[in-house]
Amino acid sequence: MADNKGLRINEQIRVREIRLIDEKGEQKGIVPIMEAREMAKERGLDLVEVSPTANPPVCKILDFGKYRFEQEKKLRDSKKNQKVLKLKEIRMQPKIGPGDLDTKAKHVQEFLDDGAKVKVTIRFRGRELAHTELGLEVLNEVQKRLSEGTYVVEKAPAMEGRFMSMTLGAKAKN
């Protein structure tokens, strides 16, 4: 096989007979491979196997270069329409001051406005682990400081080892 991403053309097709579709898209039925190659050659086009798993394989008469260009164009367009989901993380400690908390909440709000998901994490060190309720208060305070209706709590605050975290997602825009 050539490096045509699995597509076989002309002499690479090694079956006795195929189901043929001509350049106008009309079904020509089951045709011997030699006859199909001749038809393609007469028209100055290629015989391309479009469905190798069918029985018999389906082949089309078309300009292979143009066909490959169209396939690549479709692939580029589909990649263009994909949305990459970003997950941002904001870390803090349970004994964070009010000014720092304002700054962190502002950053969370900016990330949400950009359409990213935000994981807000509280890291407990040493004896702080005995007072996880302080971390829960900090996470609730972050939620209070965010603009109402701009976020959705995707994962409620929960402990994960020495960390307590919650995940916020941007609310879908209408």
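Residues numbered from 1 in each chain as written. Predicted model: local features only at pLDDT ≥ 70, side-chain atom pairs only at ≥ 80, totals over all residues. Heavy atoms only, no water.

Focus on the sheet that holds strand β4 (residues 58–62)
Our working rule: Pairing between two strands requires that DSSP report at least two bridges joining them. For the purposes of this entry, the term helix denotes a DSSP run of H or I that reaches at least four residues, the term strand denotes a run of E that reaches at least two, and both are numbered from the N terminus. Working convention: axes come from line fits to C-alpha atoms, limited for helices to the stretch in contact. Angles between N-to-C directions cover 0 to 180 degrees. Any two residues whose heavy atoms approach within 4.5 Å are treated as being in contact.
Ordered in space as β2-β1-β4-β3, the four strands form an open sheet in which the pairing is mixed. Looking at which strands have only one partner, the edges of the open sheet turn out to be β2 (27–32) and β3 (46–51). Ignoring which end each strand starts from, the neighbouring axes of this sheet average 35° apart. Looking at chain direction, strand β1 (residues 17–21) and β2 are connected through five bridges and run antiparallel. From the neighbouring strand, R19 faces β2, where its bridge partner is I30. Along the sheet, helix α1 (residues 33–42) contacts β1, β2, β3 and β4; its crossing angle with β2, the most-contacted strand, is approximately 125°.

With respect to helix α3 (residues 98–113)
An α-helix turns once per 3.6 residues; consequently, residues spaced three or four apart project the same way. Formally: Here a helix's expected span is defined as the number of its residues, less one, multiplied by 1.5 Å. Burial classes follow relative accessibility: with a 1.4 Å probe on protein chains only, a residue under 20% of its type's maximum area counts as buried, one over 50% as exposed, and anything between as partly exposed. Regarding the arc, it is the one traced by the directions from the helix axis to the C-beta atoms.
Compared with an ideal rise of 1.5 Å per residue, which puts 16 residues at 22 Å, α3 spans 22 Å between its outermost C-alpha atoms and is within 8% of the ideal. Residues of α3 that are buried: L101, A105, V108, Q109 and L112. Buried residues of α3, viewed axially, fall in a sector of 100°; they line one side. Turned more than 90 degrees from where α3 packs its buried face, D100 and K106 sit exposed. As for α3, its buried residues are in contact with β5 (87–92), β6 (117–123), α4 (132–145), β7 (151–160) and β8 (163–170). Of the residues trailing α3, G115 is marked for its positive phi of about 90°.

Honestly, it's all geometry; don't read function into it.
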